[in-house]
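This is what each chain is made of:
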Amino acid sequence: MVKRNTCIFISGKGSNLKNLINKSREYNFPIKVKLVICDNIEAKGIMYAKKNSIPYLIINTKIRNFENKIINELLKRKISLICLAGYMKIISKKFIQSFKRKIINIHPSLLPKFKGLNTFARILKEKEVKTGCTVHFVNEKLDSGRIIVQKKFYIDKNDNILDLKNKTQKLEYIAFPEAIIKVFRNS
Ligand code: GRF
């Protein structure tokens, strides 16, 4: 199996990163995690890169042209897939145009509902019956690219924000790998 060089972008806890690193060790899983990009020096998720000897780059997004620096790293390592896994910075149009390969993102709602931040609080406020997660291609509009995989569950009347987050993340660990397999299935 030819494994595609993949870069995972994170900003925080990195539990999806951890899950994808584990999956990538499976013989039939189509990616190899070659690089981790992080925009937050305090992100806990960096430890998964360290523990697994995966090169990582902590990016200062306040400097001009920081995205060029990222693009150079991606080219150097022949990256053909970017997975945004809790990366909190918006990817610019210019970046998307210059990368030219696949970029996918995981979002904690059933898109197109609840794009953007603070999804769980808004979901509870709107008294939604069900929610879940979505993996989608990244385009120039926030959380709006073509949907690859969606997983849903029914909200319990006692669920609070933390319950929704935990239930959603459990599904994310299934949805993200499934989406990656789907992305490479016919290529
Ligand atoms: C995930 O819930 C994802 O949906 C959102 O950010 C969270 C990242 O969690 N975009 P983790 O850092 O992978 O634990």
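About the criteria used
- Residues numbered from 1 in each chain as written.
- Predicted model: local features only at pLDDT ≥ 70, side-chain atom pairs only at ≥ 80, totals over all residues.
- Heavy atoms only, no water.
- Domains from an automatic or database assignment.
- Contact = heavy atoms within 4.5 Å.
- Buried area = accessible area lost by both parts, 1.4 Å probe.
- Axes fitted to C-alpha atoms, helices over the stretch in contact; angles between N-to-C directions.
- Helix = DSSP H or I, 4+ residues; strand = E, 2+ residues; numbered from the N terminus.
- Parallel < 35°, antiparallel > 145°, perpendicular 65-115°, else oblique.
- Left-handed = near helix turned anticlockwise from the far one by under 90°.
- Patch = residues over 30% accessible without salt bridge, like charges linked within 9 Å, V, L, I, M, F, W, Y side chains within 5 Å.
- Areas by Shrake-Rupley, 256 points an atom, 1.4 Å probe, with all protein chains shown as cover.
- Salt bridge = Lys/Arg side-chain N within 4 Å of Asp/Glu carboxyl O.
- Buried < 20%, exposed > 50% of the residue type's maximum accessible area, 1.4 Å probe, protein only.
- Pairing = 2+ DSSP bridges.
- Near = heavy atom within 4 Å.
- Polar contact = N/O pair within 3.5 Å; in protein donor to acceptor, adjacent residues only side chain to side chain.
- Nonpolar A, V, L, I, M, F, W, Y, C, P; charged D, E, K, R; others polar.

## Remarks on the domain arrangement of the protein
Looking at the assigned domains, one finds that the protein contains domain 1 (1-100) and domain 2 (106-187). A separation of 20 Å is found between the C-alpha centroids of domain 1 and domain 2. Facing 19 residues of domain 1, the contacting portion of domain 2 comprises 15 residues. If you sort the residues of domain 1 by the area they bury against domain 2, Arg 4, Asn 16 and Ile 96 come out on top, with a joint share of 29%.

## With respect to the packing of helix α1 (residues 15-24) against helix α6 (residues 161-185)
Two elements in contact, α1 and α6, have axes separated by 10 Å at closest approach and are oriented at 45°. Classed by the angle they form, the pair α1 and α6 counts as oblique. The two elements α1 and α6 meet at a crossing, and its hand is right-handed. Residues Ser 15, Asn 16, Asn 19, Leu 20 and Lys 23 of α1 lie in contact with α6, whose contacting residues are Gln 169, Glu 172, Tyr 173, Phe 176, Pro 177 and Ile 180.

## Looking at a nonpolar patch on the surface
Nonpolar side chains collect at one region of the surface, where Ile 41, Tyr 56 and Ile 58 lie side by side and expose about 290 Å² of accessible area between them. Positionally, Ile 58 belongs in strand β3 (residues 56-58). By relative accessible area, which is 33% here, Ile 58 ends up partly exposed.

## Remarks on the sheet that holds strand β5 (residues 102-107)
Within a sheet, adjacent strands bond to each other through the backbone by hydrogen bonds, running parallel or antiparallel. Taken together, 7 strands build an open sheet; the order of strands is β3-β2-β1-β4-β5-β6-β7 and the sheet is mixed. The sheet is open, and its two edges are formed by β3 and β7 (147-154), each paired on a single side. Strand-to-strand twist across the sheet, computed as the mean angle between neighbouring axes with direction ignored, equals 20°. With 4 bridges joining them, β5 and strand β6 (residues 130-137) adopt antiparallel strand pairing.

## Some details on the pattern of salt bridges
In the structure shown here, the tally under the stated rule is 6 salt bridges. A salt bridge links Glu 73 to Arg 77; the shortest N-O distance between them is 3.2 Å. Look at Glu 73 and you get buried, because its relative accessible area is 14%. Taking the shortest distance from any N to any O, the salt bridge between Glu 178 and Lys 151 comes out at 3.0 Å. Here Glu 178 is found in helix α6, whereas its partner Lys 151 is found in strand β7, with 27 residues between them in sequence. When salt bridges with common partners are traced through the structure, they connect Glu 73, Lys 76 and Arg 77 into a single cluster.

## Observations concerning the site of the ligand
Residues in close proximity to the ligand include Lys 13, Gly 14, Ser 15, Asn 16, Gly 86, Ile 106, His 107, Pro 108, Gln 169 and Glu 172, which together make up its full environment. The contact in question runs from a nitrogen atom of the ligand to an N or O atom on the backbone of Ile 106, over 3.0 Å. Within the side chain of Glu 172, a nitrogen or oxygen atom sits 2.4 Å from an oxygen atom of the ligand. Protein contacts shield 85% of the accessible area of the ligand, which totals 360 Å² for the unbound molecule. Sorting the residues of the shell around the ligand by element identifies α1, β5 and α6 as the ones contributing at least two each. Class assignment of the residues belonging to the shell around the ligand gives a composition of 2 nonpolar, 6 polar and 2 charged.

## Section: unusual backbone geometry
A cis amide bond links Leu 111 to the next residue, Pro 112, at an omega of 10°. Counting through the fold element by element, Pro 112 comes out in the loop between β5 and α5 (119-125). A positive phi is found at Lys 100, a non-glycine position, where the angle reads about 65°. Inspection of the secondary structure assignment puts Lys 100 in the loop between α4 (93-99) and β5. For Lys 100, a relative accessible area of 69% puts it in the exposed group. At Asp 143, a residue that is not glycine, the phi angle is positive and equals roughly 50°. Mapped onto the elements of the fold, Asp 143 is located in the loop between β6 and β7. Asp 143 sits in the buried class, given a relative accessible area of 10%.

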